[in-house]
Amino acid sequence: MNSLLDGIRVLDLTDDRGFLCGRILAEMGADVIKVEKPGGDPARNIGSFYHDENDPEKNLNWFAYNLNKRGITLDIASNDGWTIFLKLIKKSDIVIESFPAGYIQQLGLDYVVLKAMNPRIIMTSITPFGQTGPYRDFAASDIVVQAMSGYLHLCGDPGHPPVRISIPQAYLHACGEAAIATMMALYHRESSGEGQYVDVSAQQSIVRNTVNAVPLWLTYGEILERSGAFRVGLGKNLRARQTWACKDGFVNFLFVGGILASVAGSSGLTDWLEEEGISTDYKNRLKDFDISKFTQEEWEQMEAPVVKLFMKYTKQELFDEGNKRRVSICPVHSPEEVVNYPQLEARGFWTEIRHEELGAAIKYPGSCIRSTAMPAGQLRRAPLIGEHNVDVYHGELGLSEDEIARLKQLKII
Amino acid sequence: MSKLPLEGVKVLDFTWVIAGPLITKCLADYGATVVRVESMARPCFLRVSGPFKDRVVGPDNTTYFAYFNPNKYSASLNLKKPVGLRTARKLADWADIIVDNYVPGKLAKLGLDYESVKKTNPDIIMLSTSGQGQSGPMAGIPMTGMILVALTGFMFFSGWPGEESTQPFGPVNDFITPSFGVPAILAALRHRKLTGEGQSIDLSQLEAGIQFLAPGILDYTVNDRQIGNVGNSSPDAAPHGVYPCADNRWCAIAVFSDNEWKSLCTALEHTEAADDPLFSTFPGRKRNEDELNKMVGQWTIRHTPEYIMLTLQRAGVQAGVVKNSRDVCEDPQLKARNHFWNMNHPVMEDCICFGEPSILSETPARLLRPSPCLGEHTEFVATEFLNMSGQELIELLSDES
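Everything quoted here is computed from the prediction, not taken from an experiment. (Residues numbered from 1 in each chain as written. Chains lettered and ligands numbered in written order. Predicted model: local features only at pLDDT ≥ 70, side-chain atom pairs only at ≥ 80, totals over all residues.)

### So, the overall build of chain B
Point 1. Broken down by element type, chain B carries 18 helices and 12 strands.
Point 2. Dimensions of chain B, computed from the C-alpha atoms along their principal axes, are close to 85 × 50 × 40 Å.
Point 3. Sorting the 401 residues of chain B into buried and exposed places 61% on the buried side. (Helix = DSSP H or I, 4+ residues; strand = E, 2+ residues; numbered from the N terminus. Buried ≥ 20, exposed ≤ 12 C-beta atoms within 10 Å, placed from the backbone.)

The following block contains the structure:
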C-alpha cells in the first residue's frame, strides 16, 4: 500500500514558524525536503536539547516537527544557490516558506519566477500577518501573534497578566492552516493543471480560537475577560468552575445541562452526590437546567456539594467512577501522565524512533492521521544537517562530486 | 469568478459543537456542498448557546452558531424514525465525504458507519473525529472540549511559578483538529481521484492536541523533565511577556537579541538601561528577569499599548497590543484582509462570520451563504439532492424532527 501523497515533492524553506506544515504533508507520504542554510537552520538553536547538550543536531523542537523529512543545505541568497533552487523547483510540487513578508521577493524567488520555471508549482508563505495590509511588515513571535489575535487577552487568571501556553502555539495553528490551504491548492491543481500562491496569516489562524468572544461583543456589547479556572460567556455574568481540587491534584469538570446532560452529563452526578449523603436542594435543578437562568449565588450553591465530593477522591478514582456513571470528570494531566495514559498505549500512539548518532531511541508522539488507505508507517527521525545533500544534488540533479565539493567549499551547500 | 477547488464535492455533515463543524466549514468555504444533519430534538450545543440576537433565545437566533457555520445546508432529520433514517442513508449514498464527530459507535447503531455505507457507496471517504479516537478502552466515553484540554496537558503548560496551573481559554483541541482533519480529507479526495479508492480516517482529538505539545512531551521522554508553570517567560527571549500599559491594558513584547534590547531601550528613551551590565547580555537579562520585567513594566505603563507597539515595531522589536474582542473587530489588519464577513441571515439579518485564514491567489475561499436556520433546507435537500417526492417527501416533512 502506498502513502496518500506518494510522488509529491515539497521544498521546505521554513524556520520554526513553519516546520509543522511540512511535517503534516510528510506524514501523509510527501517527499518533504527541508532546505537549510549551510551550517544548519538557526531554529535548531531554540528551545530544549537532548540531555541539555546545546548542539544543533540535538534540538528537540527540530526533532519533533521535522520527522519524515529529508534534509539538504543550500544558501538560496547566493547566485549559485538561486540557480540550484530553481532546478529543484522544476522537480517539485510545493514550496513552503516562512521568511518575513517580502524577503523571498528580494531574493528573486517570487512566485512569478517559480511559476515561470514550473507552472504547476504551489508556493505557500506563512507570516505573522500575511502578505498584505498595514501590519504586513510587523515582526511577531508567538506571544505577539497570540496578543494581536485576541486570544491571549482571554488566557489566565484575573489576578495576573494574561498568560500564554508556554509551548508556542500560534504558528502551529498557522501551519495547520497552511497544510489545509496547500492541500486545497494541490487538489485544485488536479483539475486545473496550474499551481497557485498561498498566503497564510498566523493572526487570522487563531482569531477563531476566541470561541464566542467576537459574537459576544458584536451582539451584547460585552467584552469577554480572562477567567482562569472558571468558564465565562455561558450565562449572563456567570462564572462556572471548570478546574476543581481533589485529593491529589486537579480535575476538570463542567456542569452541563439540558441537551448535553446525557452526553457529558451531570445527571449521573446527582445520584452519586445522594449516595454520598452530600446532596442539597439544588440537585433538582441539576437534572434539567438552563445555564442562562442561573445567578452566581445559585450556581455556587449548586457547586458546593461537588467541591466536597471531589476532595474525597483522587484524580484517578474520580475519572474511573465518573466514567462508570457517565459523568465527565477528567484528570489534569502532566506530560508524564499523558505518556502513561492507557488509551494512547492501547492505540499504539507512541513510537520509538532510533537515533543512531545518539546511540539511543526516543519516544515520540506518533501520527494522528490514521487511514485505511495509508500504511501505519514508521516515522523517520528528522534529518541531520545536509544529510541528503549527495542524494539530492548528485542523485537527482546530477551534479558531479567535484561540483558538490566546490559548492561546499564556497558554503553554498 | 474562478471555480472553487471543491465545487461539486458533496459532504454529509454529522458534526456538532466546534471541532467537526470547523472541518466542514472549511470544505464549504472552498466550494463543497455541505449538508449538515441536525435535529430539533437534540440541537447542537451552539444552537442553544448565546449570544442571542436581541437576547431572544432560539436555535436560529444565536450569533455564536452563525459565526461558525456559514455556507452549509441544514437538513433536520429525526434519525429515530424510519423516514429520517432512510433519508440519512440516501444522503450517505449521495455523498463523496462524510464527516462525523459523534461519540464512537453512534453512527454504527444507525447503519451509517464506514463499513455499512461502503456497501452501497464503495468509494466513500469518511472522517471520524472523536475525543479519543474510534478504538481503545476510552473510545466510547463522551468528551467535551475543556476536558480534552486537561487530558492533553495544555493546562500543565499554563500558569505562574509557584501557583496552580491555570486554564488556557477555550476548547483548544477543537481548533487543532481541523489542522490534521482537513488535509487528510483533501489527500483522500485526491487519492480517490487518482485511484478510485475511498477510505476511512480515524482522527483522535487527544492525539491531535498532543502534536501541539510535542516539544514539551519530548522534554519529558528524553530529559525526564516537566516544566509547567513558567508564566510568559521563554528560554530564548528576555524581556518576554505582556507588560502593563495605561488604562489597564497590556502590550506583548519579545526581545530575542542584545541588539533588539538596545533598540527597545532607545525607542522608549531609556538609553541608560541599554548599557547597564545587568541587562546588556541575554544571560544577564535572564538572570535578572524579575527585575527586568518590573523595569520594562514601569516604562510601558505610562503609554497606551498602541504607542508601545508602534514605537517598538518601528525600532525592529517584536511587540503587539493584547487585543480584546472589540479591538479585534476594529483591527485594521483584519479589516484589510477581510477576515470578518457580514452575512445576511434569514432571521437575524446582519450577522458576522470569519473567513478562512489563508488567501489562495487563484481560488480564494468565499462565504456565499449565511449559516442556515435549523432544518431550513430539509425540503430542498430532499428534492434537489435526493430526488425525493410524493408520499415519502410528505412523510419526511411532516415528521416532527
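### A short note on the overall build of chain A
Point 1. Scanning chain A from terminus to terminus reveals 18 helices and 14 strands.
Point 2. Projected onto its principal axes, the C-alpha positions of chain A cover 85 × 50 × 45 Å.
Point 3. Considering chain A as a whole, with its 413 residues, one finds that 54% of them fall into the buried category.
Point 4. Nonlocal contacts in chain A, meaning residues at least 24 apart in sequence, comprise 66% of its contacts between residues at least 6 apart. (Contact = placed C-beta atoms within 7 Å.)

### Examining helix 1 (residues 19-27) of chain A
Residue and element names in this part refer to chain A.
Point 1. With respect to burial, helix 1 is a largely interior element, nine of its nine residues being buried.
Point 2. Within helix 1 the residues assigned to the buried category are F19, L20, C21, G22, R23, I24, L25, A26 and E27.
Point 3. In the stretch just after helix 1, G29 is the one whose phi turns positive, near 105°.

### Observations concerning the nonpolar core
Point 1. In this structure, L25(A), V251(A), I98(B), C251(B), A252(B) and I253(B) are the most contacted members of the largest nonpolar core, which totals 249 residues.
Point 2. Among the elements that make up this core, the one with the highest residue count is helix 7 (residues 170-192) of chain A (14 residues).
Point 3. Setting aside residues up to four positions removed in sequence, A252(B) forms contacts with I143(A), V144(A), A147(A), L152(A), V242(B), A319(B), G320(B) and V322(B). (Core = buried A, V, L, I, M, F, W, Y, C linked by C-beta atoms within 7 Å.)

### Examining the sheet that holds strand 5 (residues 122-127) of chain A
Point 1. Across the sheet, which stays open at both edges, the seven strands sit in the order 3(A)-2(A)-1(A)-4(A)-5(A)-6(A)-12(B) with mixed pairing between neighbours. Either end of the sheet is taken by a strand with one partner, and the two such strands are strand 3 (70-73) of chain A together with strand 12 (358-360) of chain B. Ignoring strand direction, the axes of neighbouring strands in this sheet form an average angle of 20°.
Point 2. When strand 2 (residues 31-36) of chain A meets strand 3 of chain A, the two strands line up parallel, connected through four bridges. In the strand pairing of strand 3 of chain A, K34(A) is matched with G71(A). (Pairing = 2+ DSSP bridges. Axes fitted to C-alpha atoms, helices over the stretch in contact; angles between N-to-C directions.)

### Observations concerning the interface of chain B and chain A
Point 1. With 122 residues of chain B at the contact, the number on the chain A side is 127 residues.
Point 2. Residues belonging to the side of chain B that touches chain A are distributed by class as follows: 68 nonpolar, 40 polar and 14 charged.
Point 3. In this sheet, strand 6 (residues 199-204) of chain B lies alongside strand 14 (residues 370-371) of chain A in antiparallel orientation, the contact comprising two bridges. Within strand 6 of chain B, the residue paired with R370(A) across the bridge is D202(B). (Nonpolar A, V, L, I, M, F, W, Y, C, P; charged D, E, K, R; others polar.)

### Let's talk about the domain arrangement of chain A
Point 1. Each assigned domain of chain A is listed here: domain 1 (9-208 + 383-409) and domain 2 (229-332).
Point 2. Using C-alpha coordinates to define each centre, domain 1 of chain A is positioned 44 Å away from domain 2 of chain A. (Domains from an automatic or database assignment.)

### What to know about the sheet that holds strand 10 (residues 249-252) of chain A
Residue and element names in this part refer to chain A.
Point 1. In spatial order, the strands read 9-10-11; together these three strands make up an open sheet with antiparallel pairing. Edge strands, defined here as strands with exactly one partner in the open sheet, are strand 9 (243-246) and strand 11 (330-331).
Point 2. Strand direction decides the pairing type here: strand 9 and strand 10, joined by four bridges, are antiparallel. Bridge pairing links A245 to F250 in strand 10.

### Some details on the packing of helix 6 (residues 145-152) of chain B against helix 7 (residues 172-195) of chain B
Residue and element names in this part refer to chain B.
Point 1. For the pair helix 6 and helix 7, the least separation of the axes is 7 Å and the interaxial angle reads 85°. Comparing their axes, helix 7 and helix 6 come out roughly perpendicular. Counting all contacts with helix 6, which are made through G145, L148, V149 and T152, the residues of helix 7 involved are V172, N173 and D174.
Point 2. By residue class, the composition of the contact of helix 6 with helix 7 is three nonpolar, three polar and one charged. (Parallel < 35°, antiparallel > 145°, perpendicular 65-115°, else oblique.)

### Notes on the confidence of the model for chain B
Point 1. Of all residues in chain B, 99% attain a pLDDT of 70 or more, and the chain-wide mean is 96.
Point 2. The complex model carries a pTM of 0.97, and its ipTM stands at 0.98. (pLDDT = per-residue confidence, 0-100.)

### Thoughts on the domain arrangement of chain B
Point 1. Split by domain assignment, chain B resolves into domain 1 (10-212 + 335-398) and domain 2 (240-322).
Point 2. The straight-line distance from the C-alpha centre of domain 1 of chain B to that of domain 2 of chain B is 43 Å.

### Some details on the pairing of strand 4 (residues 94-97) of chain A
In summary, the side chains of a regular strand alternate between the two faces of the sheet.
Residue and element names in this part refer to chain A.
Point 1. Where burial is concerned, the two faces of strand 4 agree: the one with I94 and I96 and the one with V95 and E97 are both buried.
Point 2. Where strand 1 (residues 9-12) meets strand 4, three bridges bridge the pair, whose relative direction is parallel. Along strand 4, the bridge assignment pairs D12 with I96.
Point 3. Judged from the four bridges that link them, strand 4 and strand 5 form a sheet pairing that is parallel. Among the inter-strand pairings, I96 is bridged to a residue of strand 5, identified as T124.

### Notes on unusual backbone geometry
Residues and elements named next belong to chain B.
Point 1. Backbone torsion omega between G50 and P51 reads 5°, so that peptide bond is classified as cis.
Point 2. As for its position among the elements, P51 is in the loop between strand 2 (33-38) and helix 2 (63-68).
Point 3. In this structure, P239 follows A238 across a cis peptide bond, with omega equal to -5°.
Point 4. Its location among the elements puts P239 in the loop between helix 9 (214-223) and strand 7 (240-245).
Point 5. In the Ramachandran plot, V17 falls in the positive-phi region, its phi being about 60° despite a non-glycine side chain.
Point 6. Relative to the assigned elements, V17 resides in the loop between strand 1 (10-14) and helix 1 (19-29).

### Quick word on helix 7 of chain A
What sets the pattern is the α-helix's 3.6 residues per turn: residues three or four places apart point alike.
All names here are of chain A.
Point 1. Between its terminal C-alpha atoms helix 7 stretches 32 Å, which fits the 33 Å expected from 23 residues at 1.5 Å a residue.
Point 2. In terms of burial, helix 7 is a largely internal element, 20 of the 23 residues being buried.
Point 3. At the exit of helix 7 stands G193, carrying a positive phi of roughly 80°. (Expected span 1.5 Å × (residues − 1).)

### Focus: the environment of C155(A)
Point 1. Structurally, the position occupied by C155(A) is in the loop between helix 6 (142-148) and helix 7.
Point 2. Owing to 24 C-beta atoms within 10 Å, C155(A) belongs among the buried residues under this scheme.
Point 3. Once residues within four sequence positions are removed from consideration, C155(A) is found in contact with P162(A), V163(A), R164(A), R226(A), S158(B), P168(B) and F169(B).

### Some remarks on the environment of E357(A)
All names here are of chain A.
Point 1. Here E357 lies in the loop between strand 12 (350-355) and strand 13 (360-365).
Point 2. We classify E357 as exposed; it has 10 C-beta atoms within 10 Å.
Point 3. Taking the C-alpha atoms as reference points, E357 and I24, separated by 333 residues in sequence, lie 25 Å from one another.
Point 4. Once residues lying within four places of it in the same chain are set aside, the contact partners of E357 are E57 and L384.

### Topic: the environment of T304(B)
Residues and elements named next belong to chain B.
Point 1. Here T304 is to be found in the loop between helix 13 (289-300) and helix 14 (305-314).
Point 2. Spatially, the C-alpha atom of T304 lies 7.6 Å from that of R249, the residues being 55 residues apart in sequence.
Point 3. With sequence-adjacent residues up to four places away left out, T304 is seen in contact with C245 and A246.

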